[in-house]
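# Working through the structure, step by step
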Amino acid sequence: MTSTTTMNEGKKSFVIRYLGPLVPLGLAACGVWVLLSGTYTYRPGRTGSTVTLLPPDSYLAGLFFISLGVLITAFGVSGRKERWFFWGGLSGALLSLIVEGARQILRMAVYG
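Here's what I pulled together on the structure shown here. (Residues numbered from 1 in each chain as written. Predicted model: local features only at pLDDT ≥ 70, side-chain atom pairs only at ≥ 80, totals over all residues. Heavy atoms only, no water.)

### Overview of the overall build of the protein
Rules: Secondary structure elements are defined from DSSP: runs of H or I of at least 4 residues count as helices, runs of E of at least 2 residues count as strands, and each element is numbered from the N terminus. Atoms counted for the radius of gyration: C-alpha only. Globule rule: 2.2 Å times residue count to the power 0.38. Only protein chains enter the calculation, and the probe is 1.4 Å; a residue is then buried if its accessible area is under 20% of its type maximum, exposed if over 50%, and partly exposed in between. By definition, residues are in contact when any of their heavy atoms lie within 4.5 Å. Every accessible area reported is derived by Shrake-Rupley at a probe size of 1.4 Å, with residue values counting cover from the shown protein chains alone.
Tallying secondary structure elements over the protein gives five helices and two strands in all. Its helices and strands taken in sequence order, the protein reads α-α-α-β-β-α-α from the N to the C terminus. Since a compact globule built from 112 residues should have a radius of gyration of about 13 Å, the 18 Å found for the protein marks it as more spread out than a globular shape. Along the three orthogonal principal directions, the C-alpha set of the protein runs to about 55 × 30 × 25 Å. The buried share of the protein, reckoned over its 112 residues, is 22%. Put simply, of all contacts in the protein between residues at least 6 apart along the chain, 56% involve residues at least 24 apart. Within the structure as shown, the protein displays about 8,200 Å² of accessible surface, and the carbon and sulfur contribution to it stands at 69%.

What follows is the structure, encoded as structure tokens:
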């Protein structure tokens, strides 16, 4: 069983090797873009309306996307890095999600 596992680890597919890193990089790039632009616009439902988050809520959304990218990166690394990436990304994503959710529930969010 171990020889099959080591053979499969050495032979990675094209998707895992080249396209797999694009997912966390894309999420992190989206987060950096939201941090730099200061706004984040999304469509909350099936209606044609849009919601634009302004700072500081857009900054929390940007940190969420960056943390999500770090969390997904944890699945591609091994060893101690995996643990640091996983817990760092998970705690960052949960913290920004909880703070932003609380701000929206308490009607403190800033919309544009």
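### Considering the packing of aromatic side chains
Counted only if it meets this: A pair of aromatic rings is counted whenever rings of Phe, Tyr or Trp (Trp by its six-membered ring) have centres within 6.5 Å, and the orientation is called stacked for planes under 30 degrees apart, edge-to-face for over 60 and tilted otherwise.
Overall, the coordinates contain four aromatic pairs when judged by the stated rule. Between Tyr 40 and Phe 65 the ring centres are 5.6 Å apart and the planes differ by 65°, which places this aromatic pair in the edge-to-face class. Here Tyr 40 is found in strand 1 (residues 40-42), whereas its partner Phe 65 is found in helix 4 (residues 57-73), with 25 residues between them in sequence. On the accessibility criterion, Phe 65 (14% relative accessible area) is buried. Cluster of aromatic residues (ring-pair linked, three or more members): Tyr 40, Tyr 42, Phe 64 and Phe 65.

### Points about the packing of helix 4 against helix 5 (residues 80-105)
Operational definition: To obtain each axis, a line is fitted to C-alpha atoms, and for helices this fit is confined to the stretch in contact; angles are then taken between N-to-C directions over 0 to 180 degrees. Our angle categories are set so that under 35 degrees counts as roughly parallel, over 145 as roughly antiparallel, 65 to 115 as roughly perpendicular, and the remainder as oblique. Helix crossings get a hand from a simple test, with the near helix turned counterclockwise from the far one by less than a right angle marking a left-handed crossing and a clockwise turn marking a right-handed one. Three categories are distinguished: nonpolar for Ala, Val, Leu, Ile, Met, Phe, Trp, Tyr, Cys and Pro, charged for Asp, Glu, Lys and Arg, and polar for the others, with Gly belonging to the last.
It is the contact of helix 4 with helix 5, at a shortest axis distance of 7 Å, that shows an interaxial angle of 155°. In terms of orientation, helix 4 lies roughly antiparallel with respect to helix 5. Crossing of helix 4 against helix 5: the hand is left-handed. The residues of helix 5 that touch helix 4, namely those facing Asp 57, Leu 60, Leu 63, Phe 64, Ser 67, Val 70, Leu 71 and Thr 73, are Phe 85, Phe 86, Gly 89, Leu 90, Gly 92, Ala 93, Ser 96, Leu 97, Val 99, Glu 100 and Arg 103. Class assignment of the residues belonging to the contact of helix 4 with helix 5 gives a composition of eleven nonpolar, five polar and three charged.

### Structural notes on the side chain of Ser 58
Looking at the element boundaries, Ser 58 is found in helix 4. Other than its neighbours up to four places away in sequence, Ser 58 contacts Val 34, Gly 38, Thr 39, Tyr 40 and Leu 53.

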